[in-house]
Amino acid sequence: MVRWLDALLVSAVSYAAYSYFHRNVDTSSVRGKKVLVTGASQNIGEEIAYQYAKLEAKIVITARREQVLKKVAAKCLELGAAQAEYIVADMADETAYQSVVQKSVKIMGGLDILVLNHVLGRHFRWNGSNEDLVYLKKSTSINYWSYVEIATAAMPALKQSQGQLIVVGSQAGRPALPNVAAYGATKAAVINFFSSLSMELMLKGEDYPSITICYLGAIDTDGARWATKQIGTKLIKGYPLSDTASGIIKGGLRRDRYIYLPGYLRFFSLIREISPSLFDKAILYLIYGA
Ligand SMILES: NC(=O)c1ccc[n+]([C@@H]2O[C@H](COP(=O)([O-])OP(=O)(O)OC[C@H]3O[C@@H](n4cnc5c(N)ncnc54)[C@H](OP(=O)(O)O)[C@@H]3O)[C@@H](O)[C@H]2O)c1
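The sections below set out a description of the structure shown in this document. (Residues numbered from 1 in each chain as written. Predicted model: local features only at pLDDT ≥ 70, side-chain atom pairs only at ≥ 80, totals over all residues. Heavy atoms only, no water.)

## Brief notes about the pairing of strand β3 (residues 83-88)
Here is the rule: Should DSSP find at least two bridges between two strands, the strands are regarded as paired. The helix count covers DSSP runs of H or I at least four residues long, the strand count covers runs of E at least two residues long, and both are numbered beginning at the N terminus. We call a crossover right-handed when, viewed with both strands directed away from the observer, the connection leading from the first strand over the helix to the second proceeds clockwise.
Strand direction decides the pairing type here: strand β2 (residues 58-63) and β3, joined by six bridges, are parallel. Bridge assignment links Ile61 to a residue of β3, and that residue is Tyr86. Handedness of the β2-helix α3 (residues 66-79)-β3 crossover: right-handed.

Dropping the structure here:
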């Protein structure tokens, strides 16, 4: 019991201190920066692109649907982007990874910020069917392997620019949740890979690129609303899209190693580390009433 109270107190104080020191950041340095955002045809990626546009960045966006990308790029220009181009690419196709980076560097004349955000993220209860296995393999390639390859291809340009690598993760990856075994596993892989990579850069004394890993909870998107309805969860209110995008951009600018949106997820993660079984039971009870 005392251990719990200590943990709660430490978490509350850490969260308050974190919130206080991380409220504001000067975003003017984004002007003219060369930014590549993946999965930018809708929702979080689209909003990230718009917010970089308002900060007058040069932007390349990528996803599969050309007509939608065209509209997003046009809106980026309207909002103030110094440049906005798109690249149509399917992240299930391994030949796309290097070429997306090479084309972006060519279009913008370099790369300062890479936001890895695209996802294949269906929520379902794992029953071990062949369909489940095929889905997991496909999502591993799109959600994990492509992140590693794109980041690897972008590393020389990001080092040269002393840039930022921003990786969009999920609480489905850590702490884990039910009904997202396939999606969560790919997100956990992404989080661990980039956490380890970031520590290796520190060991080598290399400050750049900074790596920011974003832990996101339920965000106010159609996908999250669909998942919530599908699996019958309660108590989930999506965090606003605009706050999510600005939180991600600011986390990158501060060169935070980890960011949590909404912020209370930091507290959840801490509790999960301290007492995993209790955390799991609490989640099942609070969200699923089980
Ligand atoms: N929404 C949430 O509540 C939530 C919660 C936690 C974490 N996140 C994370 O936030 C990020 C964005 O989530 P979101 O809800 O905005 O996702 P989303 O609405 O499903 O959008 C996914 C994006 O990825 C692109 N994409 C999907 N498959 C692709 C493929 N094979 N090749 C290239 N692009 C592909 C889609 O564009 P096309 O269809 O045009 O290809 C789209 O732009 C993800 O990394 C997700 O894990 C989201």
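## A few points about the site of the ligand
Heads up, the condition is: Being near a molecule or strand, for a residue, comes down to having at least one heavy atom within 4 Å of it. In protein, a polar contact requires one atom able to donate a hydrogen and another able to accept it; more generally it is a pair of N or O atoms within 3.5 Å, and residues adjacent in sequence count only if both atoms are side-chain atoms. To measure how exposed things are, a 1.4 Å probe is used in the Shrake-Rupley method; for residues, cover is taken only from the protein chains shown. Each residue gets one label: Ala, Val, Leu, Ile, Met, Phe, Trp, Tyr, Cys and Pro are nonpolar, Asp, Glu, Lys and Arg are charged, and the others, such as Gly, are polar.
Taken together, 29 residues surround the ligand, and among them Gln42, Asn43, Arg64, Arg65 and Tyr183 come closest. Ser41 places a polar side-chain atom, nitrogen or oxygen, 2.7 Å from an oxygen atom of the ligand. At a separation of 2.7 Å, an oxygen atom of the ligand approaches a polar side-chain atom of Arg64. Isolated, the ligand exposes 890 Å² of accessible area, and the fraction of that covered by the protein chains is 90%. Counting residues per element, the ones that place at least two in the shell around the ligand are α2 (43-54), α5 (130-160), β5 (164-170) and α6 (181-203). Looking at side-chain class alone, the shell around the ligand contains 15 nonpolar, 10 polar and four charged residues.

## Some words on the pattern of salt bridges
In plain terms, the rule: By salt bridge we mean one thing: a side-chain nitrogen of Lys or Arg within 4 Å of a carboxyl oxygen of Asp or Glu. The classification of residues rests on relative accessible area computed with a 1.4 Å probe and restricted to protein chains. Under 20% of the type maximum is buried, over 50% is exposed, and intermediate values are partly exposed.
Enumeration over the complete set of coordinates arrives at five salt bridges. Residue Glu56 is joined to Arg31 by a salt bridge in which the shortest nitrogen-to-oxygen separation is 3.3 Å. A residue pair is termed long-range when its members are at least 10 positions apart, and Glu56 in the loop between α2 and β2 and Arg31 in the loop between α1 (2-21) and β1 (34-38) qualify at 25 residues. Taking the shortest distance from any N to any O, the salt bridge between Asp280 and Arg272 comes out at 3.6 Å. For Arg272, a relative accessible area of 22% translates into the label partly exposed.

## A short note on α5
Put simply, the rule is: How far a helix is expected to stretch is found by multiplying one less than its residue total by 1.5 Å. The seven residues ending at a residue and the seven starting there each receive a fitted axis; the angle between those axes is the bend at that residue.
Compared with an ideal rise of 1.5 Å per residue, which puts 31 residues at 45 Å, α5 spans 45 Å between its outermost C-alpha atoms and is within 8% of the ideal. The axis of α5 is deflected most strongly, by about 45°, at Ala154, and proline Pro156 appears within four residues downstream. The first or second residue beyond α5 is Gln162, which carries a positive phi of 55°.

## Details of the sheet that holds β2
Heads up, the rule is: Only the contacting stretch of a helix is used when fitting its axis, a line to C-alpha atoms as for every element, and angles between N-to-C directions run 0 to 180 degrees.
Taken together, the seven strands give an open sheet; going across it, the order is β3-β2-β1-β4-β5-β6-β7, and neighbouring strands pair in parallel fashion. Only two strands of the sheet have a single neighbouring strand rather than two, namely β3 and β7 (258-261). For this sheet, the mean inter-axis angle between neighbouring strands, taken without regard to orientation, is 15°. Across four bridges, the pairing between strand β6 (residues 210-216) and β7 is parallel.

## Some points on the packing of aromatic side chains
For clarity, the threshold we go by: Between 30 and 60 degrees the pair is tilted, below 30 it is stacked and above 60 it is edge-to-face, where a pair is any two Phe, Tyr or Trp rings, Trp via its six-membered ring, whose centres lie within 6.5 Å.
For the structure on display, the rule yields eight aromatic pairs. Relative to Tyr258, the ring of Tyr215 lies with its centre 6.1 Å away and its plane at 45°, an arrangement referred to as tilted. Taken together, the positions of Tyr215 in strand β6 and Tyr258 in strand β7 put the pair 43 residues apart, joining distant regions of the chain. You can call Tyr215 buried: its relative accessible area is 4%. A relative accessible area of 24% means that Tyr258 is categorised as partly exposed. An angle of 75° between the planes, with centres 6.2 Å apart, marks the rings of Phe268 and Phe279 as edge-to-face. Of this pair, Phe268 sits in helix α9 (residues 264-274) while Phe279 sits in helix α10 (residues 276-288); the two residues are 11 residues apart in sequence, bridging distant segments of the chain. Overall, the relative accessible area of 6% leaves Phe279 in the buried class. Ring pairing ties together the aromatic residues Phe124, Trp126 and Tyr135, which thus form one cluster.

## Examining the packing of helix α4 (residues 96-108) against α5
Helix packing for two helices is described by the angle between their axes and how far apart those axes are. Spelled out, the test is: Angular relationships are summarised with four words: roughly parallel below 35 degrees, roughly antiparallel beyond 145, roughly perpendicular across 65 to 115, and oblique for the angles in between. Helix crossings get a hand from a simple test, with the near helix turned counterclockwise from the far one by less than a right angle marking a left-handed crossing and a clockwise turn marking a right-handed one. The contact criterion used throughout is that any non-hydrogen atoms of two residues lie within 4.5 Å.
It is the contact of α4 with α5, at a shortest axis distance of 8 Å, that shows an interaxial angle of 40°. Here α4 lies oblique to α5, going by the angle between them. The interaxial crossing formed by α4 with α5 has right-handed handedness. Together, Tyr97, Gln98, Val101 and Val105 of α4 and Ser141, Trp145, Ser146, Glu149, Ile150, Ala153, Ala154 and Ala157 of α5 make up the contact between the two elements. Of the residues contributing to the contact of α4 with α5, the split by class is eight nonpolar, three polar and one charged.

## Quick look at the packing of α5 against α6
One way to put it is that α5 packs onto α6 with a least axis distance of 8 Å and a crossing angle of 20°. Comparing their axes, α6 and α5 come out roughly parallel. For the element pair α5 and α6, the recorded crossing hand is right-handed. Contacts between α5 and α6 involve Tyr135, Leu136, Ser139, Thr140, Asn143, Tyr144, Tyr147, Val148, Ala151 and Met155 from the former and Ala182, Tyr183, Thr186, Lys187, Ala189, Val190, Phe193, Phe194 and Leu197 from the latter.

## Quick notes on the side chain of Thr221
Tracing the chain through its elements places Thr221 in the loop between β6 and α7 (222-230). Contacts of Thr221, omitting those with residues within four sequence positions, involve Asn43, Ile44 and Leu241.

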